[in-house]
Amino acid sequence: MSDAPVKQQSTAAFYGQAIASFSVAMAATAVGIFRLNADAWVRGFLAIAVLYLVTSAFTLAKVIRDRQEAGQIVSRVDQARLEKLLAEHDPFEKL
């Protein structure tokens, strides 16, 4: 009677593609900042801004994932309670 949700796993190819994409994007940004025709302090500022953006994106992704996982846990607990109540319910019992 219980429908256990299927845990979604990323494939190794998707994981590798995500790492490769991130690496290429960071390398291209670093080369672009390094080759920028500007003072060193401007390039340094842009590098710090990019690092801040990356850490903020990772934090946001983690917060969203944690919130989604917490919602799934609450949903499973509620479903287990409902199944227990339905299993204990006797419709032929006198009121």
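Provided above is the structure to which this section pertains.
Small disclaimer: the values here were computed from a predicted structure and weren't measured.

Caption draft 1: Spotlight on the overall build of the protein chain. Check the secondary structure of the protein chain and you find two helices and zero strands. For the protein chain, the residues scored as buried account for 2% of the 95 residues in total. Counting only carbon and sulfur atoms, one obtains 66% of the accessible surface of the protein chain, whose full area is about 8900 Å².

Caption draft 2: Focus on the packing of aromatic side chains. All told, the structure shown has one aromatic pair when counted by the stated rule. Between the aromatic rings of Phe 22 and Phe 58, the centroid separation amounts to 5.5 Å while the plane-to-plane angle is 70 degrees, which identifies the pairing as edge-to-face. In this pair, Phe 22 sits in helix H1 (residues 12-34) while Phe 58 sits in helix H2 (residues 40-88), placing the two residues 36 residues apart along the sequence. Judged by its relative accessible area of 52%, Phe 58 falls in the exposed class.

Caption draft 3: Fine view of the pattern of salt bridges. The final tally for this structure, using the stated rule, is three salt bridges. The salt bridge partner of Arg 65 is Glu 69, with a shortest N-O separation of 4.0 Å. Of this pair, Arg 65 and Glu 69 are both found in helix H2, four residues apart, which corresponds to roughly one turn of the helix. Judged by relative accessible area, which is 39%, Glu 69 ranks as partly exposed. One continuous salt-bridge network, built from bridges that share partners, spans Lys 62, Arg 65, Asp 66 and Glu 69.

Reading the values: the criteria
Residues numbered from 1 in each chain as written. Predicted model: local features only at pLDDT ≥ 70, side-chain atom pairs only at ≥ 80, totals over all residues. Heavy atoms only, no water. Helix = DSSP H or I, 4+ residues; strand = E, 2+ residues; numbered from the N terminus. Buried < 20%, exposed > 50% of the residue type's maximum accessible area, 1.4 Å probe, protein only. Areas by Shrake-Rupley, 256 points an atom, 1.4 Å probe, with all protein chains shown as cover. Phe/Tyr/Trp six-rings, centres within 6.5 Å; stacked < 30°, edge-to-face > 60°. Salt bridge = Lys/Arg side-chain N within 4 Å of Asp/Glu carboxyl O.

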